[in-house]
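Take a look at the letters that make up each chain.
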Amino acid sequence: MACTGRELRSTLSEDGTLRLSLEQVTYADPAPDEVLVRIEAAPINPSDLGLLLGPAQIDTLRTEGAAENPAVVFDVPQARLGSMKARLGRSMPVGNEGAGTVVAAGADAAQLIGKRVAAIGGAMFADYRLLKARDVVELPEGTAAADGAAIFVNPMTALAFVETMRREGHSAIVHTAAASNLGQMLQKICLADGVPLVNIVRSEAQAVILKEIGATHVLNSQDADFRAKLTDAIAETGATLAFDAIGGGSLGSDIVQAMEAAAVRTMAEYSRYGSDQFKQLYIYGALDLAPTTLNRLAFGFQWSVSGWLLLPFFRKAGMETLAAMRQRVLAELTTTFASRYTRTIGLAEALQPEVVRAYERKATGEKFLIDPGLG
Ligand SMILES: NC(=O)c1ccc[n+]([C@@H]2O[C@H](COP(=O)([O-])OP(=O)(O)OC[C@H]3O[C@@H](n4cnc5c(N)ncnc54)[C@H](OP(=O)(O)O)[C@@H]3O)[C@@H](O)[C@H]2O)c1
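Residues numbered from 1 in each chain as written. Predicted model: local features only at pLDDT ≥ 70, side-chain atom pairs only at ≥ 80, totals over all residues. Heavy atoms only, no water.

**Student:** Would you take a moment to explain the environment of M84 for this structure?
**Tutor:** Take M84: it is sitting in the loop between β5 (71-75) and β6 (91-93). Once the C-alpha coordinates of M84 and L12 are considered, the two residues, 72 residues apart in sequence, prove to be 8.4 Å apart. Beyond its immediate chain neighbours, meaning those up to four positions away, M84 contacts L12 and P55. (Helix = DSSP H or I, 4+ residues; strand = E, 2+ residues; numbered from the N terminus. Contact = heavy atoms within 4.5 Å.)

**Student:** Whenever I open this one, the sheet that holds β6 confuses me. Can you help?
**Tutor:** Hydrogen bonding along the main chain pairs the strands of a sheet, whether they run parallel or antiparallel. The strand order across the open sheet formed by 5 strands is β4-β5-β2-β1-β6, and the pairing between neighbours is antiparallel. Each edge of the sheet is formed by a strand with only one pairing partner; in this case those strands are β4 (57-64) and β6. Geometrically, the sheet is characterised by an average inter-axis angle of 40° between neighbouring strands, direction not taken into account. Set on the sheet, helix α10 (residues 353-360) makes contact with β4 and β5; between it and β4 the angle comes to about 155°. (Pairing = 2+ DSSP bridges. Axes fitted to C-alpha atoms, helices over the stretch in contact; angles between N-to-C directions.)

**Student:** What should I look at first to understand empty space enclosed by the protein in this one?
**Tutor:** The gaps of empty space that remain are located by a probe, the size of a water molecule, rolled over the atoms. The final tally for this structure, using the stated rule, is 1 cavity of 30 Å³ or more. Roughly 40 Å³ of internal volume is contained in the largest cavity. The wall of the largest cavity is formed by A146, D147, A150, I151, P155, L333, F337, A338, S339 and Y341. Each residue belonging to the lining of the largest cavity can be placed in one class, and the counts come to 8 nonpolar, 1 polar and 1 charged. (1 Å grid on protein atoms, 1.4 Å probe; cavity = no way out; pocket = protein on both sides within 12 Å on 5 of 7 lines; lining within 4 Å. Points joined across faces, edges and corners; volume = space filled by probe spheres on them. Nonpolar A, V, L, I, M, F, W, Y, C, P; charged D, E, K, R; others polar.)

**Student:** Any chance you could explain the site of the ligand here in plain terms?
**Tutor:** As a matter of local geometry, the ligand sits amid 24 residues, with R202, Q206, Y284, T364 and K367 nearest to it. Side-chain polar atom of N154 to an oxygen atom of the ligand: 3.0 Å apart, as the coordinates give it. R202 is positioned such that a nitrogen or oxygen atom in its side chain is 2.7 Å from an oxygen atom of the ligand. Across the complex, the protein chains shield 87% of the 940 Å² of accessible surface that the ligand would expose by itself. (Near = heavy atom within 4 Å. Polar contact = N/O pair within 3.5 Å; in protein donor to acceptor, adjacent residues only side chain to side chain. Areas by Shrake-Rupley, 256 points an atom, 1.4 Å probe, with all protein chains shown as cover.)

**Student:** I keep staring at the packing of helix α4 (residues 181-193) against helix α5 (residues 204-213) and nothing clicks. Help me out?
**Tutor:** It is at 10 Å that the axes of α4 and α5 come closest, and there the two elements cross at 30°. Relative to α5, the element α4 is oriented roughly parallel. The two elements α4 and α5 meet at a crossing, and its hand is right-handed. Two secondary-structure elements touch here, α4 through G183, Q184, Q187, K188 and L191 and α5 through I209, L210 and I213. Considered class by class, the residues forming the contact of α4 with α5 number 4 nonpolar, 3 polar and 1 charged. (Parallel < 35°, antiparallel > 145°, perpendicular 65-115°, else oblique. Left-handed = near helix turned anticlockwise from the far one by under 90°.)

**Student:** Hey, could you run me through unusual backbone geometry in this one?
**Tutor:** Negative phi is the rule for most residues except glycine; trans is the rule for most peptide bonds. Positioned with a positive phi, A177 is a non-glycine residue whose angle comes to about 45°. Checked against the element boundaries, A177 lands in the loop between β11 (173-175) and α4. Even without being a glycine, K362 presents a positive backbone phi close to 50°. Along the chain, K362 turns up in the loop between α10 and β20 (368-370).

**Student:** Could you clarify how one ought to interpret the environment of D127 in this entry?
**Tutor:** Along the polypeptide, D127 turns up in the loop between β8 (116-120) and β9 (128-132). Residue class for D127 comes out buried when judged on its relative accessible area of 14%. Note: C-alpha distance between D127 and L186 (59 residues apart in sequence) is 31 Å. Ignoring anything within four residues of it in the chain, the contact list for D127 reads G5, R6, V37, R38, I39, L347 and P372. One polar contact links the side chain of D127 to the main-chain amide nitrogen of R6, over a distance of 2.7 Å. (Buried < 20%, exposed > 50% of the residue type's maximum accessible area, 1.4 Å probe, protein only.)

Here is the structure:
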């Protein structure tokens, strides 16, 4: 029997307002190959905020509408609407990943009824989600929804960084915003797999988090001698690959420059073209929305700067690699890949102004989890 539930939606209008609201949705009965999942936990990741809040100016936040079903509204600068044309006027569901219990299933998926599953399917900030049975992962017996809610985005990305390193012929990694949820997972993987990792953070408190995990190289970008220390750490580890979550500003450039400086140290003779060492910087996040500055004349000529995204990696990696990665995540769900949440909120709470301001900060160790069952 069809059921109804709420979905958190983000709508950007031509007049430059962005509106967050809860919309009632009717879910059809599952087709033979589908399951209906009652969502019990869904993390708010930075990529979700990219869709949820988009280019909104947070300091313009205000509420509108009836008290029992309020909407949160923001202004968006006109200059930023141009790149958003494809979503103008569209009520967009949000939430990349989550976990829940299968409450109904088509004839071919009946064995999943009552099972707790996880999925990366979009529209997870909702009471229910209709999914293809092949797109859900059955969680190990007894797994709490909160433990299974975030098994895709950060764990698979952290594993994919190491896989990318191996495939592209590098032997060590530099990582920025390194005390993030993802960064802590990456450090644990690198320790287990014997991969040297140079972590870059922006506070001492973040350095402590990584050192407690067992990190050897943790550099604070705020230190006066940061660049010198970065070159030394790169020379020591041989890192020629960097993953940068920040994107804006010049930190990525500093890293490539330090890689070149480390490579030049080993050259017997000067070359006006710089070293022969190939250096790869992948920008995989947008924590800083400012333009990226590249001091390229300090890089030599063997370098590349590109974007990096998990889904294209999935397409390239092949089924066998993906299955092995997924298996490892499930086996180390509460250790290497454990996510900690600062607060669990209901769907309605996700629209309260002080809560929006808190999760929008994307601060270290302050990840929010949505449990629609809380209201
Ligand atoms: N490309 C992909 O496929 C992909 C996949 C997964 C994740 N990601 C990206 O991975 C990153 C980490 O995600 P997460 O869920 O692990 O994040 P998280 O746990 O929410 O942590 C965010 C971290 O970023 C830091 N940060 C925020 N703004 C910053 C800035 N302007 N400069 C430097 N540091 C800043 C925070 O430090 P403070 O406390 O100092 O603010 C915090 O340590 C995000 O950028 C996300 O979009 C990308």
